[in-house]
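# Results of the structural survey
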Amino acid sequence: MLDYDKTLVLFGRSMFINEIRDYIPFLIEHWHTMGVNSFCNHFETEFVIYIDDFPPKIREYQTVITNISHFHKRNSRSYNFLAEHQKKELYILEKDYLRFSDSSYKLNYFFHTPTMALNWAYIKGFKNVVLAGIDLNFADKRHFDNVNFDPNWLEKDVLKARWHLENICTKYLNIFQLNAGSDLRLPKIKLGDLICQSSI
């Protein structure tokens, strides 16, 4: 049984999103949710997180979490957006392969945005994170909103990212996988169970 106050559903951009697309609005309404990178251009999650410098398309009630350096560089693509958007949390980012940050102003990450999101969930007091569309599957590197292959995903990097998720992130959080077809070594949770638990 997952506790609403201690559970975050974290949406990525794998092709699995297309399989659950019709249920995403329900999950957003009934759970704490966060969208990674351009996921927010398609669905309005409670929280939005990104590392790369791009201004997301979000509503005023959504909270954005990103790299503080985007706010200090007037030539950054995010500068005007961050200057105007009221609900934001800006953090110093640091690459760390072995541990999460405990700091209120710094997030550790490794290789991809979801690791930053998991560190954020940890410092905010979440205990459980359900991954939806975060599969780290090298055989299919497409995104649901851009079916072209991502050239930045090298196999050696994906293997490191998988190891980091399975062995480091799980020291800090209970992490569940919504995609029954994922081969990540994480406990699975069924979409039906997540929907039913949200109504209890």
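Overview of the structure. Residue numbers restart at each chain and count upward from 1, following the sequence in its written direction. Local features in this predicted model are restricted to residues whose pLDDT is 70 or higher, and side-chain atom pairs enter the listing and the counts only when it is 80 or higher, whereas totals over whole chains, interfaces and linings include all residues. Side-chain measures here rest on the full set of heavy atoms in the structure, leaving out hydrogens and waters.

### Quick notes on the pattern of salt bridges
Side chains that carry opposite charge are capable of pairing whenever their charged atoms lie near each other. We count it as follows: Here a salt bridge means any side-chain nitrogen of Lys or Arg lying within 4 Å of a carboxyl oxygen belonging to Asp or Glu. Secondary structure elements follow DSSP: runs of H or I no shorter than four residues count as helices, runs of E no shorter than two count as strands, and numbering proceeds from the N terminus.
Following the criterion strictly, the structure yields seven salt bridges and no others. Its salt-bridge partner being Lys-106, residue Glu-94 comes within 3.8 Å of it at the nearest N-O pair. Taken as a pair, Glu-94 in strand S5 (residues 88-95) and Lys-106 in strand S6 (residues 106-109) lie far apart in primary sequence, 12 residues in all. Residue Glu-166 is joined to Arg-185 by a salt bridge in which the shortest nitrogen-to-oxygen separation is 3.0 Å. Taken together, the residues Glu-166 in helix H6 (residues 155-167) and Arg-185 in the loop between strand S8 (174-177) and helix H7 (191-198) connect sequence positions 19 residues apart.

### Some details on the nonpolar core
Put simply, the rule reads: Definition used in this section: a nonpolar core is a set of buried Ala, Val, Leu, Ile, Met, Phe, Trp, Tyr and Cys residues joined via side-chain atoms within 4.5 Å. Only protein chains enter the calculation, and the probe is 1.4 Å; a residue is then buried if its accessible area is under 20% of its type maximum, exposed if over 50%, and partly exposed in between. Here, two residues are considered to be in contact whenever any of their heavy atoms come within 4.5 Å of each other.
Core analysis: the largest hydrophobic core is formed by 32 residues, its most contacted members being Leu-10, Met-34, Ile-65, Leu-118, Trp-120 and Leu-165. Broken down by element, the residue count for this core peaks at five residues, all from helix H5 (residues 113-123). Setting aside residues no more than four positions away along its own chain, Met-34 makes contact with Leu-8, Val-9, Leu-10, Phe-11, Thr-45, Phe-47, Ile-49, Ile-65, Ala-117 and Trp-120. One finds Leu-27, Val-130, Ala-132 and Ile-189 within the second-largest nonpolar core, a separate group that totals 20 residues.

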